[in-house]
Amino acid sequence: MEKVDVLTRILKAEDTATILGGQSPASVINSGKYVPVTAKTQKDNLRCLDDAIRTALCGEIRTVVVVGPEGSGKTTALHKLVADWAKGECLQNFSYVFNFQFREMGSSADELCLETLIQQGHHQIPPESMCLVAEKPDGVLFVFDGLDEYKHSLDPSVHTLTSDLNQSASVSCLLASLLDGALLKGAAFLVATRPTDNVKFLKGTQLEMLGFQKQQRQVYFNNFFTDHAAANKAFLHMERTLGFYDFCAAPKFCWTVCSIYKWLIDSDTKLPETLSQLFVHILVHLIQTLSLSKACSRGLVLVLGRMASHCLHNQHSSCSKHAIDSFGFQQNLTTVDSFLRVQGEEEFSFHSQLIQEFVLAVALFLDVSTYDDVEKMLDNHKGGAKLLDFFMSGLSEPAQYRLLEDLLGMFSSDQIKGFKSWFKSSSEKTLREYNKSEHYRCFHLLHQAQNESLVKEILTPPAHPRVLHENLRLQDCVALNYVITCLGKRETLSVSRTTVLRETMEVLAPSVSLLHTVILSNCSIYKESVPLLASAVSLGVTRELDLSHSNLGDEKLQILCAGLGKTELHRLNLSVCELTAACCGDLASVLTSETSQLRILQMMFNPIGDQGFTKLCEAMHSPNCKLEELKIPNCDLTAASMEAFAASLCSGESKLRRIDFKDNMIGDSGVQALCKALRQPLCKLQSLGLFGSGLTGACCSDLKEVFMSEHCSLSELDLSLNDLGQEGALLLCQGLKRPSCPIEILRLTRCELTPAVFKDLGSVLKNGTCQIKSLHLDINSVGDKGVKYLWDAVAHPSCLLEELNVEMNELTDACVEDLCAALRDNNTLKLLELRNNCLTDAAVPAIVQVMKEKVSMEELNLKYNDFSEDVFEMFEKCHNIRY
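Just so it is clear, the structure is predicted and the values come from calculations on it, not from any experiment. (Residues numbered from 1 in each chain as written. Predicted model: local features only at pLDDT ≥ 70, side-chain atom pairs only at ≥ 80, totals over all residues. Heavy atoms only, no water.)

Where helix α33 (residues 816-825) contacts helix α34 (residues 844-853), the axes come no closer than 10 Å and their chain directions differ by 5°. The angle between the axes of α33 and α34 places the two elements in the roughly parallel class. Facing α33, whose interface residues are V816, L819, C820, L823 and R824, α34 presents A846, I847, Q849, V850, M851 and E853. Across the contact of α33 with α34, the residue classes tally to 8 nonpolar, 1 polar and 2 charged. (Axes fitted to C-alpha atoms, helices over the stretch in contact; angles between N-to-C directions. Helix = DSSP H or I, 4+ residues; strand = E, 2+ residues; numbered from the N terminus. Parallel < 35°, antiparallel > 145°, perpendicular 65-115°, else oblique. Contact = heavy atoms within 4.5 Å. Nonpolar A, V, L, I, M, F, W, Y, C, P; charged D, E, K, R; others polar.)

Take a look at the structure:
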C-alpha cells in the first residue's frame, strides 16, 4: 500500500462531530488544530506523547503500549503519527506501517494467514511487497488501536504460536504470535488501549496517557474559538470550575466543554459553576437539537436511564441490541446517536460515563412510578458509578432542575424530598463519625447543590466545630472553599499532608481570608503559592498561621515576609521548615514593621545558629517589635549569641516575656550572660526555658543571684535535663527562699537531685512566702525517703502547690501513708503525677479512699505502676484517677 494511499485513508473523515462524541481524528488533523497530549513514561517523566513514541520506535524498543482512559486522545495521536509517516515527516526507518482497529478484528471466526489479515485491514499490499515484509521485518510497524475492545485473550500460553507467515490460524493466535515475537520477529508494534487485562501480555515500554495539561488546554481553547476574548473567558472559567477534575485532561471532554460554552456565550447565558450545571446545559442542548415533544423527550431520557442503570449495576460498558430493545428503545433508536455509539457487533454504549451517570440521575428524579430508598439505590450502583450522588445533589435543587423541567416535564417531588432527607441524615452521621473520605464527599455534594442555606443547616457548629483535613486533592479544596465561604468567618482550617500548588492556594485563598487560624502543617508548599498565601493572610482576619513541618526554606519565607504587609497575624509557627540564618533578616523586617502585630514566633528545629538569632535580637530593640514569646528549641544556638539577647532584654523596648532555648547548648557561660540581664530593672522576661542546655551546677550561683534580685520578674523556669547536682540545686533553694522570689513554675526533671535537695525544696514550699504552684521533679530517683519531704510540705497549710510531678522517683507502697495524709490535709493540689513508680495492688485501697474524699483533686496519674488487673474495678470508681 503506497504512502499516498495510507494518507488518503487516514485523513478520510468517517463521521461528523457530536457534542459528546467529539471530533473524528481525521477532522482534527485536517483542520490543522491538532494539539499533542502529554504522557508519563515508566520512569515517571512527563513527555509529549508523539515525541515519546517516535523516540522509542526509532531506537531499539520494538513495542510501545499507550494506556489511557476514554477520550484521552489515543486514537487521534495514532492517526497523526501514521499520517506524518505517510508524509515522510517521521518514523522513516519503517518501510511499511499497517494500521488496525481491534474492534474490526474480533468478528472473524475463520482461520487466516498474516497476509490475509493485513489485506482485511484495508492494506492492499502486492505479493512482492509481502516478500519484502518477510525479508526485512525490522522495517515494519503495526499500529493497533483499541486493545480494550478486543474480547479474546492474547496470552501466548493459551495459543499454539506460529512463526510461519503462510500458516493459517485464528486472528487471536496470529495477534498473540505477532506481539510475542514468534511471528515476523523484529517487527515493531504500537498499541493503544484503555486499561485492560491483555496489556500484561505485551512486552516493551508503556506510556501512560495524561491528556492535556493546563497549557495544552489553553492552546486547544484558542484553536476552538475564533474570538480570542471568548477563548480566554471560556478557558479561565473551565480552569476555575472544572480544571481540577482528572477528566478535564481528556481532549474529548474539552471538545464538549468548548462546544457548550460557545453555545452559551453566543446566547449570552451565564456559564455553569459546577459539573452538575454543565451537564444540565449539555442535556438541554441535546434535547433541543432533537426537536422532540416534551413527552417523547421524557420517554427518551427514561429509557436511557434504564440502560444506564443496567450498565452501571452490572458494571458493563455496553449493551447488546437485544438488551436495549428490552428497555423500550424501539421508538427512540433514531434519536439516540447523540447519546450512544455503536461498537462491534451492534453493541451500544454511552459516549462517556459522565453522561451515563447524569442521565441516570435525571431519570431517577423523573420516574414517578417507583420510589427506591436512596441509600439502597446508590449502593446498587456503587460498583460502576462514581459521580451519581454528585449529579443527584445538583439536580435536587430547583435552580438546576427547572431548566430540564421545561423540556422533560415535572421532576418527582417525592424523589427529591427522599434524596434531601437522605443527604441531611447521612451528612450529619458522617460529620459525627469523621470518616475523612466520606467527609470530603459530603462537601462535594454541598458544592454541587450550590445552596448556601443547606450548607449552614448541615454544618452547624455542634456538628462540625473544626475543619480538619489531610491529603487534599485540588477538587477537595474547591469543595472545602465553597463550604467555608458559605459559612463565613470561622476559627480554624487545618490542612496537612497536602501539596500546596499555586492552583491550590488560588482555590483556598478566599477561605484563608475568613479564618482566624490557618494550619498548613506537614504540607509540601510550592514557591508559586506563597505570594497568594501572604496576600490572603494580609487581606483577611487570620491571627495564627502554622506552616510547621513544611519544606518552606529561606527563599519561600522571604517571599512570605515580603507579601505579608499589614496583617492581623499574632502567631507564626515556622517549626521544622528548613530555615537557616539567611531568613532571619526577613523575619526581623516583619517584626520591626510599623504594622506588625506578631506576638508569638515559633522556630524550633531550624539551624539558624547564633548569626540568625542575633538578627532577631536586634529586631527586639525596635519600638515597633511587639514580640512577646519566642520558641527557639534546637536551633544550634550557643553562648556566643547570649550577650546580644541580654542586650535586647535590657534595651527598654523589648516586649519579650517568654523564651524557650530547649536543646540549645547555651552552657554555663551563656546563662551567666543572661543572668546579668535578668537582674536589670528594664528586663521583664517572665518565662525562661533551658531544658537540655548543657548546664552544670556552676550556673546555679548566677541563677541564685537572679532569684535574690529585687528586679527579678521570672515566674517560670525550666532547668530540666541538666546536670545541676546536689550542690547546684541547693544554691537554687537558697535563692527561692527569698520572701519576694516570683517563681511560680519550676521544672527540674532529671537534674541529678538528691534527698538533701528534696529536703530543702520541702522547706521552701513551707516557708510561707514561696509562690511555687507547679513543681516538676520527675526522674530523679530519690525514693520514698526523698519524696517524704514533699509530702510533709504538701500537708503544710502554707504550701500553694497545685501541680506536682514525681514520676520515676522509685516510690513504693511505703510512701502511701504519707501520701494519703498529705492529700487529706492539702486544699490546693489539683494534679499529681505518679507514673512509672513501683506502687502495687496493696496501695490501691488507701489511695482510692482518699481520692473519693478529695473532690477538688482533678487528676492523680498512676499509669505504669505495678498494678494487676484485679484492682482496675476499684480505680474505675474514681473519675479522677488515671491508671
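Locating Y220 in the fold gives a position in helix α8 (residues 214-224). Residue Y220 is classed as buried on the basis of its relative accessible area, which comes to 10%. Put simply, Y220 and W255 are 35 residues apart on the chain and 8.7 Å apart in space, counted from C-alpha to C-alpha. In contact with Y220, other than residues within four places in its own chain, are Q23, V35, F212, P251, C254, W255 and C258. (Buried < 20%, exposed > 50% of the residue type's maximum accessible area, 1.4 Å probe, protein only.)

A separate point is the sheet that holds strand β3 (residues 63-67). In a beta sheet, neighbouring strands are held together by backbone hydrogen bonds and run either parallel or antiparallel to one another. Within the open sheet, the 7 strands sit side by side as β2-β1-β7-β3-β6-β5-β4. Their pairing is mixed. On the outer flanks of this sheet lie β2 (46-48) and β4 (96-101), each paired with one strand and no other. Pairwise comparison of adjacent strand axes, ignoring direction, gives a mean angle of 25° for this sheet. Examined bridge by bridge, strand β1 (residues 38-40) and β2 share 3 bridges and lie antiparallel to one another. Bridge assignment links A39 to a residue of β2, and that residue is R47. In this fold helix α4 (residues 74-86) packs onto β3, β4, β5 (140-145), β6 (188-193) and β7 (205-211), with an angle of close to 155° to the strand it touches most, β4. (Pairing = 2+ DSSP bridges.)

Strand order in the open sheet formed by 3 strands is β8-β10-β9, and the pairing between neighbours is antiparallel. Single-partner strands in this sheet number two, and they are β8 (319-320) and β9 (340-343). Taken together, the 4 bridges between β9 and strand β10 (residues 347-350) define a ladder with antiparallel strand orientation. If you follow V342 over to β10, its bridge partner there is F348. Of the strands in this sheet, β8, β9 and β10 touch helix α12 (residues 294-314), which is tilted by about 95° from β10.

Attention now moves to the pattern of salt bridges. Taken as a whole, this structure holds 30 salt bridges when the rule is applied. Here E833 makes a salt bridge to R835, at a shortest N to O gap of 2.7 Å. Since its relative accessible area comes to 15%, E833 is described here as buried. (Salt bridge = Lys/Arg side-chain N within 4 Å of Asp/Glu carboxyl O.)

What follows deals with helix α7 (residues 171-180). With 9 of its 10 residues buried, α7 lies for the most part within the structure. Buried residues of α7: V171, S172, C173, L174, L175, A176, S177, L178 and L179, and no others. Against the buried residues of α7 lie α5 (114-120), β5 and β6. Phi turns positive one or two residues past the end of α7, at G181, with a value near 95°.

Even without a glycine there, the phi angle at D44 is positive, about 70°. Its place among the elements puts D44 in the loop between β1 and β2. Despite not being glycine, Q450 has its phi angle at roughly 55°, a positive value.

No statement about biological role is implied by the geometric values presented.
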